[in-house]
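What follows is each chain in one-letter form.
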Amino acid sequence: MENQTILYTLVLSGLSDLPSLQLPLFLVFLLVYLITLTGNLLIVLLICTDSHLQTPMYFFLGTLACLDIGFTSVTIPRMLFDFHTQKRLISIQACITQIYFILLFAASELSLLAVMSYDRYVAICRPLHYTQIMHWKTCVLLVLGVLIFSMLYPLVHVLLLLKLTFCRLNPLQSFFCDLPQLLLVSCSDTFINVFLSLFLAILFGGGIFALTFCPYIIILNTIMKMQSKAMRSKAFSTCSSHLAAVFIFYGTLFFSYFHPNAKTNSAVDKVVSVFYTILTPLVNPLIYSLRNKIMKISLKRAVCK
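Predicted, not measured: the structure shown is a model, and the values here were computed from it.

Next up on the list: the state of the cysteines. Tallying each qualifying case throughout the model produces two disulfides. There is a disulfide in this structure between Cys-95 and Cys-177, and the S-S distance comes to 2.1 Å. One quick way to see it: the torsion about the S-S bond of Cys-95 and Cys-177 is about -125 degrees, and its sign makes the bridge left-handed. Highlighted residues: Cys-95 in helix α3 (residues 92–125) and Cys-177 in the loop between α5 (136–161) and α6 (179–184), separated in sequence by 82 residues. Taken as a pair, Cys-95 and Cys-177 share a single burial class, namely buried. Note that Cys-167 is cross-linked by a disulfide to Cys-187, the S-S spacing being 2.3 Å. Of this pair, Cys-167 sits in the loop between α5 and α6 while Cys-187 sits in the loop between α6 and α7 (191–224), placing them 20 residues apart in sequence. Side by side, Cys-167 and Cys-187 carry an identical accessibility label, which is buried.

Estimated volume of the second largest pocket: approximately 620 Å³. In terms of lining, the second largest pocket is formed by 21 residues, of which the most central are Met-57, Arg-120, Lys-234, Ser-237 and Thr-238. When contributions to the lining of the second largest pocket are tallied by element, the ones reaching two or more residues are α2 (56–85), α3, α8 (229–258) and α10 (293–304). Classifying every residue of the lining of the second largest pocket by side-chain character gives eleven nonpolar, six polar and four charged.

Attention shifts here to the pattern of salt bridges. For the structure shown, the criterion picks out three salt bridges. Between Arg-301 and Asp-50 there is a salt bridge, with its nearest N and O atoms 2.6 Å apart. Taken as a pair, Arg-301 in helix α10 and Asp-50 in the loop between α1 (19–49) and α2 lie far apart in primary sequence, 251 residues in all. What makes Asp-50 buried here is its relative accessible area of 7%. Between Asp-82 and Arg-78 there is a salt bridge, and its shortest N-O distance comes to 2.9 Å. Linking Asp-82 with Arg-78, this pair stays in helix α2, spanning four residues, or about one helical turn.

Below, the discussion takes up the side chain of Gln-98. Mapped onto the elements of the fold, Gln-98 is located in helix α3. One polar contact links the side chain of Gln-98 to the main-chain carbonyl oxygen of Val-74, over a distance of 3.0 Å. In this view, Gln-98 contacts Val-74, Thr-75, Arg-78, Ile-90, Phe-176 and Cys-177; residues no more than four positions away in its chain are not counted.

Bringing empty space enclosed by the protein into the picture now. Considering all chains together, one arrives at two cavities of 30 Å³ or more under this definition. By volume, the largest cavity amounts to about 60 Å³. Taken together, Met-57, Met-116, Asp-119, Arg-120, Thr-238, Ser-241, His-242 and Tyr-288 form the lining of the largest cavity. The set of elements that each furnish at least two residues to the lining of the largest cavity consists of α3 and α8. Counted by class, the lining of the largest cavity contains three nonpolar, three polar and two charged residues. The wall of the second largest cavity is formed by Gly-14, Leu-15, Met-79, Asp-82, Phe-83, Arg-88 and Phe-175.

Another aspect to go through is the packing of α2 against α3. For the pair α2 and α3, the least separation of the axes is 10 Å and the interaxial angle reads 160 degrees. Regarding the angle of α2 to α3, the classification is roughly antiparallel. Like other packed secondary-structure pairs, α2 and α3 cross with a definite hand, here left-handed. Counted by class, the contact of α2 with α3 contains 15 nonpolar, five polar and five charged residues.

Considering all chains together, one arrives at 16 aromatic pairs under this definition. Their ring planes at 85 degrees and their centres at 5.6 Å tell us that Phe-59 and Trp-136 sit as a pair that is edge-to-face. Note that Phe-59 is positioned in helix α2 and Trp-136 in helix α5, a separation of 77 residues in sequence. The exposure class assigned to Trp-136 is partly exposed, which follows from its relative accessible area of 42%. Ring geometry for Phe-209 versus Phe-213: centroids 4.6 Å apart, planes at 40 degrees, classification tilted. Linking Phe-209 with Phe-213, this pair stays in helix α7, spanning four residues, or about one helical turn.

Definitions and cut-offs
- Residues numbered from 1 in each chain as written.
- Predicted model: local features only at pLDDT ≥ 70, side-chain atom pairs only at ≥ 80, totals over all residues.
- Heavy atoms only, no water.
- Disulfide = S-S within 2.5 Å.
- Helix = DSSP H or I, 4+ residues; strand = E, 2+ residues; numbered from the N terminus.
- Buried < 20%, exposed > 50% of the residue type's maximum accessible area, 1.4 Å probe, protein only.
- 1 Å grid on protein atoms, 1.4 Å probe; cavity = no way out; pocket = protein on both sides within 12 Å on 5 of 7 lines; lining within 4 Å.
- Points joined across faces, edges and corners; volume = space filled by probe spheres on them.
- Nonpolar A, V, L, I, M, F, W, Y, C, P; charged D, E, K, R; others polar.
- Salt bridge = Lys/Arg side-chain N within 4 Å of Asp/Glu carboxyl O.
- Polar contact = N/O pair within 3.5 Å; in protein donor to acceptor, adjacent residues only side chain to side chain.
- Contact = heavy atoms within 4.5 Å.
- Axes fitted to C-alpha atoms, helices over the stretch in contact; angles between N-to-C directions.
- Parallel < 35°, antiparallel > 145°, perpendicular 65-115°, else oblique.
- Left-handed = near helix turned anticlockwise from the far one by under 90°.
- Phe/Tyr/Trp six-rings, centres within 6.5 Å; stacked < 30°, edge-to-face > 60°.

Have a look at this one:
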């Protein structure tokens, strides 16, 4: 350690090193950020003001929209700043802080998607008891549980990161501070960090994955037993938007961290990271508004007013 210089500032590689692309990328992602904020804020506003949307399903959808706003606000403003200054420097403290909030919002979204699966299960498989099971107190407690778990989970990683020293000059191969990338530039022993990352990902990630997809086994079985085509079509339509959001988020997340060339193909990693950190919050409002008749009627009613 005597010949190693401890670093207090890190370098982000960003999306592109070409100076000619900095301004176009800045404008593109600024537009994406504004559209994301507008779409998700519009969903929250409609749910808060339209009495037809004040049900458990839309309460969870409004919560998801708030999480999408937070998720995209953790990464895009920092990216826009780097496009503008072209320095891409970030302090260790700021990097760890960004990792905390990225993990917080990622865990919150995954957990909330599991809660929304349970809501769809109750609505389709136990419709007569829906109002008794999914009353407002239960919905609020579920969301509070999601938020408390999501705030505590990243603390484990943050506390371990604070004990590390960083001395390698390699830039982080990303446009934001990513936990695996940060561990690669540490000169400390990161075995515990890596082990806990894998252990917690398997323990909590696997549990949340099961809670998200297992209800759909029962849901699909129930739908296939319905006699009326209209009832089957209505049941499928209430699940399709949620399933689309689940597959987009899980698909990009898994590919980003578990594809065969995850450690070598940084260009692919950056593209996939854009999808799950930036484009997913952008498309979620489109998925839920374009495929939801009640939401479209509410939007038309608001526009007419």
